[in-house]
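The lines below spell out each chain.
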Amino acid sequence: MLKAFLEEKDHIVYMLVYTLFIVGFIFLIKGADLLVEGATSIGRKLNISSIVIGLTIVSFGTSLPELLVNLIASYNDNPDIGVGNVLGSNIANILLILGVAAIINPLPINKNTYFIEVPFSLTATLLVGFLANASFFGKTNDFIISQYDGFILLFFFVLFMGYVYIVSKQKRTEFSSEEFTQMPIAKSIIFILIGMVGLYFGGIWVVDGAVTIARYFNMSEGFIGLTIIALGTSLPELVTSAMAAFRKNTDIAVGNVVGSNIFNLLWILGVSASIKPIPYDVISNADIFMIIASSTLLILAVVIGKKPVISRWEGFFFLIAYAWYITFLLQRG
């Protein structure tokens, strides 16, 4: 009788954790959306140009779910979730999101993207891989992304933001008024506060749920980070790129993905490591290699063919590659 009662109680607890895990994703995504909308409205009130708002507030906002998950995972001593979240999100961004977007509408790639931004993203991946595996070249066997490494990543992120600023000065593209709505200051502040609360609780529930699921099904926390959490935190990018492709705003669809990957590697890992060193599992080298392979595949997709474009059949190939990667993760456990 007592055993049955305890088992039923455990079942209720697990159901509550799973429910909060799903609700946490909703809070993360909606919280980031409200925070961006409120901050954008205030920016417009202060006469900050649309291009600056787009390159700062909106770009940071779409990366907030990943950042919150990483910081909470690091604080709770679950580093595999944080690292897996970043690496898994980057792989999903290229293979899944660009694959879906290209199937909706072929994606022309401008010169800056495949000559500068994609190679910069590839360089950021190699930098993270080198810093994480620096122990191979030293006397210790402790694989870690140290606070010093975090500052190095942030330094390269500042360089990237400098490049973004120069490009924004050269291309005075203004966003349509539909993208940035103005609200009363009080309403904007309420949106920001609600967004911050949503991000905070959403991050806690997602990380706690991921740990519980990993332990219950005897799976590694890294696997959960690479799959479920990575997909969940990439939803804003997926929706943005898919809608941009549908509306034939292909520059937004591609730039959103490449920019997000750079933000994830340099800003999120940089901030997380500079606050608290991140232990690194050598098995994650396979995932870094997958990002390198995916970025190379993106470059090849642009180079092959008469025009610099990701075609529909290449989009299908990206999705097949992502399905293969998920199968590989399932076998790895």
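What counts and what doesn't
Residues numbered from 1 in each chain as written. Predicted model: local features only at pLDDT ≥ 70, side-chain atom pairs only at ≥ 80, totals over all residues. Heavy atoms only, no water. Helix = DSSP H or I, 4+ residues; strand = E, 2+ residues; numbered from the N terminus. Buried < 20%, exposed > 50% of the residue type's maximum accessible area, 1.4 Å probe, protein only. Contact = heavy atoms within 4.5 Å. Areas by Shrake-Rupley, 256 points an atom, 1.4 Å probe, with all protein chains shown as cover. Axes fitted to C-alpha atoms, helices over the stretch in contact; angles between N-to-C directions. Parallel < 35°, antiparallel > 145°, perpendicular 65-115°, else oblique. Left-handed = near helix turned anticlockwise from the far one by under 90°. Nonpolar A, V, L, I, M, F, W, Y, C, P; charged D, E, K, R; others polar. Patch = residues over 30% accessible without salt bridge, like charges linked within 9 Å, V, L, I, M, F, W, Y side chains within 5 Å. Salt bridge = Lys/Arg side-chain N within 4 Å of Asp/Glu carboxyl O. pLDDT = per-residue confidence, 0-100. Phe/Tyr/Trp six-rings, centres within 6.5 Å; stacked < 30°, edge-to-face > 60°. Expected span 1.5 Å × (residues − 1). Arc of directions from axis to C-beta.

Engineer: How would you sum up the overall build of the protein? Please name residues and give values.
Structural biologist: Each helix and strand counted, the protein has eleven helices and four strands in total. Taking all 333 residues of the protein together, the buried fraction comes to 49%. At a minimum sequence separation of 6, the contacts of the protein that also span at least 24 residues come to 84%. A total accessible area of about 16400 Å² is found for the protein, and carbon and sulfur atoms account for 70% of it.

Engineer: Run through the packing of helix H3 (residues 79–104) against helix H10 (residues 285–303), naming residues and quoting values.
Structural biologist: At a minimum axis distance of 9 Å, the contact between H3 and H10 shows a crossing angle of 30 degrees. In terms of orientation, H3 lies roughly parallel with respect to H10. Between H3 and H10 lies a crossing of left-handed hand. Facing Leu87, Asn90, Ile91, Ile94, Leu95 and Leu98 of H3, the residues of H10 in contact are Asp287, Ile288, Met290, Ile291, Ser294, Ser295, Leu297 and Leu298.

Engineer: Any chance you could break down the packing of H3 against helix H7 (residues 221–233) for me, citing the residues and the numbers?
Structural biologist: Packing of H3 against H7 leaves a shortest axis separation of 7 Å and a crossing angle of 50 degrees. Classified by the angle between their axes, H3 and H7 sit oblique to one another. Seen along the crossing, H3 lies across H7 with a hand that is right-handed. Every residue of H7 that contacts H3 at Asp80, Ile81, Gly84, Asn85, Leu87, Gly88, Ser89, Ala92 and Leu96 is listed here: Glu221, Gly222, Gly225, Leu226, Ile229, Ala230, Leu231 and Thr233. Residues belonging to the contact of H3 with H7 are distributed by class as follows: eight nonpolar, seven polar and two charged.

Engineer: Residues and numbers for a nonpolar patch on the surface, please.
Structural biologist: Together, Ile22, Ile26, Phe27, Val197, Tyr200 and Phe201 make up an exposed nonpolar region whose accessible area comes to about 580 Å². Tracing the chain through its elements places Phe201 in helix H6 (residues 185–216). The exposure class assigned to Phe201 is partly exposed, which follows from its relative accessible area of 37%.

Engineer: With reference to specific residues and values, describe the confidence of the model for the protein.
Structural biologist: Of all residues in the protein, 83% have pLDDT values of 70 or greater, and the mean over the chain is 79. The lowest-confidence element of the protein is helix H2 (residues 50–75), averaging 68 in pLDDT; the highest-confidence one is helix H11 (residues 312–332), averaging 91. Within the model, pLDDT remains below 50 along residues 173–179, and this stretch shows six contacts once partners closer than five positions in the same chain are excluded.

Engineer: Help me get a handle on the packing of aromatic side chains, residues and values and all.
Structural biologist: Two aromatic rings, taken as a pair, are described by how far apart their centres are and by the angle between their planes. Scanning the model with the defined rule gives twelve aromatic pairs in all. When the ring of Phe157 is compared with that of Trp267, the centres are 6.4 Å apart and the planes differ by 25 degrees; the resulting orientation is stacked. Of the two residues, Phe157 is situated in helix H5 (residues 147–170) and Trp267 in helix H9 (residues 250–275); the sequence distance between them amounts to 110 residues. By relative accessible area, Phe157 is classed as buried at 6%.

Engineer: How would you explain the pattern of salt bridges if you had to name every residue and give the values?
Structural biologist: One pass over the structure, following the stated rule, counts two salt bridges. Across the salt bridge formed by Asp287 and Arg332, the nearest N and O atoms sit 3.2 Å from each other. Note that Asp287 is positioned in helix H10 and Arg332 in helix H11, a separation of 45 residues in sequence. Exposure remark for Asp287: the relative accessible area of 1% places this residue in the buried category.

Engineer: Report on the environment of Ile26, specifying residues and quantitative values.
Structural biologist: Position of Ile26 among the secondary structure elements: in helix H1 (residues 2–45). Exposure remark for Ile26: the relative accessible area of 52% places this residue in the exposed category. Ile26 sits 176 residues away from Gly202 along the chain, and the two C-alpha atoms are 7.3 Å apart.

Engineer: Give a description of H10 that names residues and reports values.
Structural biologist: For an α-helix, the turn length of 3.6 residues means that residues three or four places apart are oriented alike. Helix length check: H10 (19 residues) gives 27 Å between terminal C-alpha atoms against 27 Å at 1.5 Å per residue, within 8%. Within H10, burial applies to Asp287, Ile288, Met290, Ile291, Ser294, Ser295, Leu298, Ala301 and Val302. One side of H10 carries all its buried residues, which in axial view fall inside an arc of 155 degrees. Exposed residues pointing more than 90 degrees away from the buried face of H10 are listed as Phe289 and Val303. Packing partners of the buried residues in H10 comprise H3, helix H4 (111–132), H7, strand S4 (309–310) and H11.

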